[in-house]
Amino acid sequence: MTLVFVHGSGCTHHVWSYQTSFFNNSIALDLPGHPNGNALTDIEAMLQWLLSVLEERNLHDVVLVGHSLGSAVVLKAALDIATSKTESHRAATSENSRIKGLVLIGAGAKLKVMPQFLDALTGVIEKGEEFPGFLLAPNQTLAEPLRTEVNTAMVKNGAAVTLTDFLICNSFDVMGSLHKVSLPVQLIVGSEDVMTPVKYSHYLNEQLPNASLNIIDGGTHMVFAEQPDIVNQCIESFIANLD
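In this report, the structure presented in the accompanying data block is examined. In this text, all values refer to a predicted model and were calculated from it rather than measured experimentally. (Residues numbered from 1 in each chain as written. Predicted model: local features only at pLDDT ≥ 70, side-chain atom pairs only at ≥ 80, totals over all residues. Heavy atoms only, no water.)

Side note on the overall build of the protein
If you tally the helices and strands in the protein, you get nine helices and six strands. Expected size for 243 residues packed as a compact globule is a radius of gyration near 18 Å; at 17 Å, the protein falls within 12% of this value. Taken over the C-alpha atoms alone, the protein extends approximately 50 × 40 × 30 Å along its principal axes. Here the protein contributes 13 positively and 25 negatively charged side chains, and the mean placements of these two sets differ by 7 Å. (Helix = DSSP H or I, 4+ residues; strand = E, 2+ residues; numbered from the N terminus. Rg over C-alpha atoms; globule rule 2.2 N^0.38 Å. Lys, Arg positive; Asp, Glu negative; His and termini not counted. Charge placed at Lys NZ, Arg CZ, Asp CG, Glu CD.)

Topic: the sheet that holds strand S2 (residues 26–29)
Within the open sheet, the six strands sit side by side as S2-S1-S3-S4-S5-S6. Their pairing is parallel. With partners counted over all chains shown, the strands left at the sheet margins are S2 and strand S6 (211–216), one partner each. Each neighbouring strand pair of the sheet contributes to a mean axis angle of 20°, computed without reference to strand direction. Running over the sheet, helix H7 (residues 198–207) touches strand S5 (185–190) and S6 and is turned about 160° from S6. Of the strands in this sheet, strand S1 (2–6), strand S3 (62–67), strand S4 (99–105), S5 and S6 are in contact with helix H9 (residues 228–240), which crosses S5 at around 170°. (Pairing = 2+ DSSP bridges. Axes fitted to C-alpha atoms, helices over the stretch in contact; angles between N-to-C directions. Contact = heavy atoms within 4.5 Å.)

So, the side chain of Thr 12
When you line up the elements, Thr 12 lands in the loop between S1 and helix H1 (17–20). Taking relative accessible area as the criterion, Thr 12 reaches 3% and is therefore assigned buried. At 2.6 Å, the side chain of Thr 12 forms a polar contact with the side chain of His 14. Residues in contact with Thr 12, not counting those within four places in the same chain, are His 7, Asp 30, His 34, Ala 153 and Asn 157. (Buried < 20%, exposed > 50% of the residue type's maximum accessible area, 1.4 Å probe, protein only. Polar contact = N/O pair within 3.5 Å; in protein donor to acceptor, adjacent residues only side chain to side chain.)

Quick look at helix H4 (residues 115–126)
Relative to the 16 Å expected for twelve residues at 1.5 Å per residue, H4 spans 16 Å between its end C-alpha atoms, a close match to the ideal helical length. Phi for Gly 128, located one or two positions after H4, is positive at around 70°. (Expected span 1.5 Å × (residues − 1).)

A look at the pattern of salt bridges
Applying the stated criterion across every chain, the model contains two salt bridges. Ionic pairing is found between Asp 61 and Lys 100, a salt bridge with its closest N-O pair at 3.8 Å. Of the two residues, Asp 61 is situated in the loop between helix H2 (43–56) and S3 and Lys 100 in strand S4; the sequence distance between them amounts to 39 residues. Judged by its relative accessible area of 24%, Lys 100 is partly exposed. A salt bridge links Arg 147 to Glu 144; its shortest N-O distance comes to 3.1 Å. You can call Glu 144 partly exposed: its relative accessible area is 42%. (Salt bridge = Lys/Arg side-chain N within 4 Å of Asp/Glu carboxyl O.)

Things to note about the packing of aromatic side chains
Aromatic ring pairs are described here by two measures, namely the spacing of the ring centres and the angle between the planes. If you walk through the whole model with that rule in mind, you get five aromatic pairs. Ring plane angle 45° and centroid distance 4.9 Å describe the contact between Phe 5 and Trp 16, whose orientation is recorded as tilted. Placement of the pair is Phe 5 in strand S1 and Trp 16 in the loop between S1 and H1, with a sequence separation of eleven residues. The two residues Phe 5 and Trp 16 agree in class, both being buried. Members of the aromatic cluster, joined through ring pairs, are Phe 5, Trp 16 and Phe 224. (Phe/Tyr/Trp six-rings, centres within 6.5 Å; stacked < 30°, edge-to-face > 60°.)

Here it is as structure tokens:
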């Protein structure tokens, strides 16, 4: 089993340091433009990119793990498997499917971003101001040196890339399609997550046919990096029960 980790808005593979050091057979990806290459501007393009990575690396028996924006990309991959109609994707729905399960952390069927937040970030970019501190605020609960590594990577990516990611989140909506996902899904959310509140994961748990939910007491939106031991144990238990 190979775990493939997909980060959230404005971030890089650095956020998964506690996971990739724990799970031997694991890969943490950088979405295009984070910081290398051109940033993708819609969820469909991110989906196609992810599927191409799995194919190019010839990965099988994959568990996709996504956080926030990454969870949206991962969820879209599961929906692609469920509803695939094009020849290029039929391999993913074959008997030996590449993807065996999903872990969604800080996820939602919709990922609306507050308009005030988008407006403030747009203003920063238009005025050419320095990378705004409010984008780094969610990382203040992380221990060093990870906090500095994550913050440095976000600043390097730049505010424009983060805004593009947020706009993708803002337009994401699969509320009417969740029933089509047959893959096993492990949901993880921090009890104090204000960006993707617990109610988002409760909804996913109710609508996804084969899901289970773990709420991590005291965790915020970055729960996997705040309480890695608990989250890693949850992921480990999930993959141990997969065929």
